[in-house]
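# Descriptive analysis of the structure
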There are 2 protein chains.
Amino acid sequence: MEMAEIDEGRPADEPKLSTKEKILDAAEELFAERGYYGVSIRQITQHAGVDLALANYHFGPKEELFRHVIARRAEEHSHRQMEYLQNAIAAAGDGPPSIEALVRAFCEPIFDRTMRGGPGWKHYIQLLSHTANTKQSHGFLAPMNERYDPVVEAFTDAFKRALPACAPHNVHYAVYFLQGAIVYLLAETGAINRQSHGLVDASDFDAILERMVPFFAAGFYALAGRP
Amino acid sequence: MEMAEIDEGRPADEPKLSTKEKILDAAEELFAERGYYGVSIRQITQHAGVDLALANYHFGPKEELFRHVIARRAEEHSHRQMEYLQNAIAAAGDGPPSIEALVRAFCEPIFDRTMRGGPGWKHYIQLLSHTANTKQSHGFLAPMNERYDPVVEAFTDAFKRALPACAPHNVHYAVYFLQGAIVYLLAETGAINRQSHGLVDASDFDAILERMVPFFAAGFYALAGRP
DNA sequence: GTCTATAATGAGATAGAC
DNA sequence: GTCTATCTCATTATAGAC
């Protein structure tokens, strides 16, 4: 909840992190890498360099710690996604938005944070990918996934306006495919590096984006001409 | 390893499963749903209706049980994927294969098994999706993911022959996007059901496939015209 | 091959001193 | 806010009776 707290005017380049931040950073990294059940509180506090008991003291039980990890960045992230969407819409003036611009606006804030947001954001995005690909059989994951539904729905609405001739359900299919590709790309498993023998680098999201925009835009156009 | 074993001529419709099969079935289902670390041996044996000690007796430690779950179906599945690929190539005669046929051949054996292969196959495919989206920070996942590299590479080669004007690395990007969508679709998280307010059903892979073929074929064509 | 019983370890959580 | 020590419980794994 309260993140910066007192923070008595120390400069931003000072590496002194509060205990809460150290725990959140470590939890974020390890949850992203091995999943919720693959990490213990002991591993988190050890990786953070703090005492075991402090995790429970500051954040309560493990599920609550997980929720705090998500809550720390969720609002800022979804807010920026909406900004990119508004910019893509505004760039088209009074006309319908450009499909290419919408595809780019959907991917770019995520890719940008992964590549240039620092390690914390990179881990957070990977954690998003991990949970987005997980069935919510355990309830505490549900609010996290549902948090991004409004963003997806706003993009879907914009796609519908950009393709008025396209049947609405086909727009949903197309957005579904786009979401899927993004979720998989963000996992950065490295499979594509092996399969392409180095021709494609899973961590070079700039190069990936330049292929995604024409690729998925063409897909949208192809579905627009179908009943 | 030895799956059918003695199997003294009892009919195929008999529901009597061996203890090993009961354990493998339960492990397959629970691993697919909650991941490797999210499931205990106790839950698996309880779900299978057998004694706790039998899991270790038949399969050794937990990681070995996981490997057996994968090994049971991996060869048959990758073999069928290759068959679909060969059929798509053969259908084109002496000419280059059709992009649409290749996209279909890439998706169809997976979707078919998920929808019509019975619950065991459905769980296995979901487990594949889960591990395909997981970084191999724990070594025992690596052989599982690498097992499907030859299949992906064979499809990629066919796509390259179908699009001789396309730069090879762009074919790899396109296959990467296609893989990603498939992995996400197979997870069946239900997010698309919420987001589309019921217009799209995540479990209806027949309807999904009919949109995927034109969508991704158009993407391939779009990338073919780029340097 | 199966089951009971138990060992050995690691887990999440907390009380209480500082 | 921090750390030591501990409680309680669940986990994997196995020994030994049947």
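Look a little higher up for the structure.
### Considering the environment of Leu 30 of chain A
Residue and element names in this part refer to chain A. Position of Leu 30 among the secondary structure elements: in helix α1 (residues 19-34). Classification of Leu 30 as buried rests on a relative accessible area of 4%. Put simply, Leu 30 and Asn 170 are 140 residues apart on the chain and 38 Å apart in space, counted from C-alpha to C-alpha. With residues near it in sequence (within four places) discarded, Leu 30 still touches Gly 35, Val 39, Gln 43, Ile 44 and His 47.

### Here's the deal with the protein's contact with DNA strand C
Taken together, 15 residues surround DNA strand C, and among them Ile 41, Arg 42 and Pro 61 of chain A together with Thr 19 and Asp 51 of chain B come closest. Atoms of DNA strand C within 4 Å of the protein: sugar and phosphate make up 60%, bases the balance. Residue Ser 40 of chain A places a side-chain N or O atom 3.2 Å away from a phosphate oxygen belonging to DNA strand C. Contact between DNA strand C and Thr 19 of chain B: a phosphate oxygen at 2.7 Å from a side-chain N or O atom of the residue. Sorting the residues of the surface near DNA strand C by element identifies α2 (41-48) and α3 (53-59) of chain A together with α3 (53-59) of chain B as the ones contributing at least two each.

### Side note on the layout of surface pockets
In this approach, a probe sized like a water molecule rolls over the atoms, and the result shows the empty space that is left. Residue and element names in this part refer to chain A. Roughly 250 Å³ of volume is contained in the second largest pocket. Along its surface, the second largest pocket is lined by 15 residues, and Asp 25, Glu 28, Arg 72, Arg 73 and Gly 120 are the ones closest to its centre. At the level of elements, α1, α4 (62-91) and α6 (119-132) are the ones that each hand at least two residues to the lining of the second largest pocket. The element best represented in the lining of the second largest pocket is α1, accounting for 5 residues. A breakdown of the residues in the lining of the second largest pocket according to their chemical character gives 5 nonpolar, 4 polar and 6 charged.

### Overview of the interface of chain B and chain A
Counting residues at the interface gives 58 residues for chain B and 58 residues for chain A. For chain B, the biggest contributors to the area lost against chain A are Tyr 176, Tyr 184 and Phe 215 of chain B; these three give 15% of the whole. Viewed at the interface, chain A and chain B are joined by 2 salt bridges. Between Arg 194 of chain A and Asp 149 of chain B there is a salt bridge, with the nearest N and O atoms lying 2.5 Å from each other. At the surface where chain B touches chain A, the tally comes to 10 residue pairs in polar contact (both at pLDDT 80 or more). Counting only elements with at least two residues in the side of chain B that touches chain A, the list comes to α1 (19-34), α6 (119-132), α7 (142-146), α8 (149-162), α9 (168-187), α10 (191-195) and α11 (205-224) of chain B.

### Things to note about unusual backbone geometry
Excluding glycine, a negative phi dihedral is what most residues carry, and trans is how most peptide bonds are arranged. Backbone geometry places His 197 of chain A, a non-glycine residue, at a positive phi of 50°. Mapped onto the fold, His 197 of chain A is located in the loop between α10 (191-195) and α11 (205-224). You can call His 197 of chain A exposed: its relative accessible area is 63%. We note that Glu 188 of chain B has phi near 50°; this positive angle belongs to a residue other than glycine. Looking at the secondary structure, you find Glu 188 of chain B in the loop between α9 and α10. According to the relative accessible area criterion, Glu 188 of chain B is buried, its value standing at 10%.

### Looking at the packing of α1 of chain B against helix α2 (residues 41-48) of chain B
All names here are of chain B. Direction vectors running N to C along α1 and α2 enclose 125°, while the axes themselves pass 8 Å from each other. When the interaxial angle is binned, α1 and α2 end up oblique. Seen from above, α1 lies across α2 with right-handed handedness. The segment α1 lies against α2, with Lys 22, Ile 23, Ala 26, Ala 27, Glu 29, Leu 30, Phe 31 and Arg 34 engaging Gln 43, Ile 44, His 47 and Ala 48. For the contact of α1 with α2, the per-class residue count stands at 7 nonpolar, 2 polar and 3 charged.

### Thoughts on the pattern of salt bridges
Summed over the entire model, instances satisfying the criterion amount to 24 salt bridges over all chains. Arg 104 of chain B serves as the salt-bridge partner of Glu 210 of chain B, at 3.3 Å between the closest nitrogen and oxygen. Of this pair, Glu 210 of chain B sits in helix α11 while Arg 104 of chain B sits in helix α5 (residues 99-116), placing them 106 residues apart in sequence. Through salt bridges with shared partners, a single ionic network connects Asp 25, Glu 28, Arg 72 and Arg 73 of chain A.

### Structural notes on the relation of the copies chain B and chain A
For the pair chain B and chain A, the relating rotation is 180°, the translation along its axis is 0.0 Å, and the fit reaches an RMSD of 0.1 Å. Given the turn and translation reported, the copies of this chain are related as if by a two-fold rotation axis. Taken as a fraction of all interface residues of chain B, those also at the interface in chain A reach 100%, which identifies the copy contact as same-surface.

### Quick look at the protein's contact with DNA strand D
Taken together, 15 residues lie around DNA strand D, and Thr 19, Asp 51 and His 58 of chain A together with Ile 41 and Arg 42 of chain B are the ones closest in. Backbone atoms, meaning sugar and phosphate, form 56% of the atoms of DNA strand D found within 4 Å of the protein. The separation between a phosphate oxygen of DNA strand D and a polar side-chain atom of Thr 19 of chain A is 2.7 Å. Separating a phosphate oxygen of DNA strand D from a side-chain N or O atom of Tyr 57 of chain A is a distance of 3.3 Å. Counting only elements with at least two residues in the surface near DNA strand D, the list comes to α3 of chain A together with α2 and α3 of chain B. The element that contributes the greatest number of residues to the surface near DNA strand D is α3 of chain A, accounting for 4 residues. Among the residues making up the surface near DNA strand D, the classes are represented as 8 nonpolar, 4 polar and 3 charged.

### Side note on α11 of chain B
Residue and element names in this part refer to chain B. Compared with the 28 Å implied by 1.5 Å per residue over 20 residues, the 27 Å span of α11 between its first and last C-alpha is a close match. The largest bend along α11 reaches roughly 30° and is located at Met 212, with the proline Pro 214 sitting one to four residues downstream. By the criterion of burial, α11 is predominantly enclosed, with 16 of the 20 residues buried.

Basis of the calculations
- Once a new chain begins, its residue numbering starts again from 1 and follows that chain's sequence as written.
- Naming scheme: in the order in which they are written, chains are lettered from A and ligands are numbered from 1.
- Per-residue local features of the predicted model are confined to residues with pLDDT of at least 70, and side-chain atom pairs are confined, for both listing and counting, to 80 or more; whole-chain, interface and lining totals are unaffected and use all residues.
- Heavy atoms throughout the structure, all of them, feed into the side-chain values; hydrogens and water do not.
- By the criteria applied, helices consist of DSSP H or I runs no shorter than four residues and strands consist of E runs no shorter than two, each listed in order from the N terminus.
- Relative accessible area decides the class of each residue, using a 1.4 Å probe on protein chains only: under 20% of the type maximum gives buried, over 50% gives exposed, and in between gives partly exposed.
- Contact between two residues is taken to exist if any of their heavy atoms lie within 4.5 Å; hydrogens are not considered.
- For this purpose, a residue is taken to be near a molecule or strand whenever a single non-hydrogen atom of the residue falls within 4 Å of it.
- Distance and chemistry together define a polar contact, namely a pair of N or O atoms within 3.5 Å, with one atom able to donate a hydrogen and the other to accept it when in protein, and with adjacent residues in sequence counting only for side-chain atoms on both sides.
- Each cavity reported here is a set of points on a 1 Å grid over the protein atoms alone in which a 1.4 Å probe fits but cannot get out, each pocket an open set with protein on both sides within 12 Å along at least five of seven lines, and each lining residue one with an atom within 4 Å of a point.
- Grid points are joined across faces, edges and corners, and a volume is the space filled by probe spheres set on the points.
- Ten residues, namely Ala, Val, Leu, Ile, Met, Phe, Trp, Tyr, Cys and Pro, are considered nonpolar, four, namely Asp, Glu, Lys and Arg, are considered charged, and the remaining ones, Gly among them, are considered polar.
- Buried area is understood as the total, over both parts, of accessible area removed when two parts are fitted together, assessed with a 1.4 Å probe.
- Here, a salt bridge means any Lys or Arg side-chain nitrogen found within 4 Å of an Asp or Glu carboxyl oxygen.
- Between the N-to-C directions of two axes lies an angle of 0 to 180 degrees, each axis being a line fitted to C-alpha atoms and, for a helix, fitted only over the stretch in contact.
- Oblique is the label for any angle not covered by the other classes, which are roughly parallel (under 35 degrees), roughly antiparallel (over 145) and roughly perpendicular (65 to 115).
- Handedness of a crossing is defined here by the sense of rotation of the near helix relative to the far one, left-handed for an anticlockwise turn of less than a right angle and right-handed for a clockwise turn.
- Overlaid copies result from least-squares superposition on C-alpha atoms, with residues included only where pLDDT is at least 70 in both.
- One less than the number of residues in a helix, times 1.5 Å, gives the span that helix is expected to have.
- Note on bend: at a given residue it equals the angle between the axes fitted to the 7 residues ending there and to the 7 starting there.

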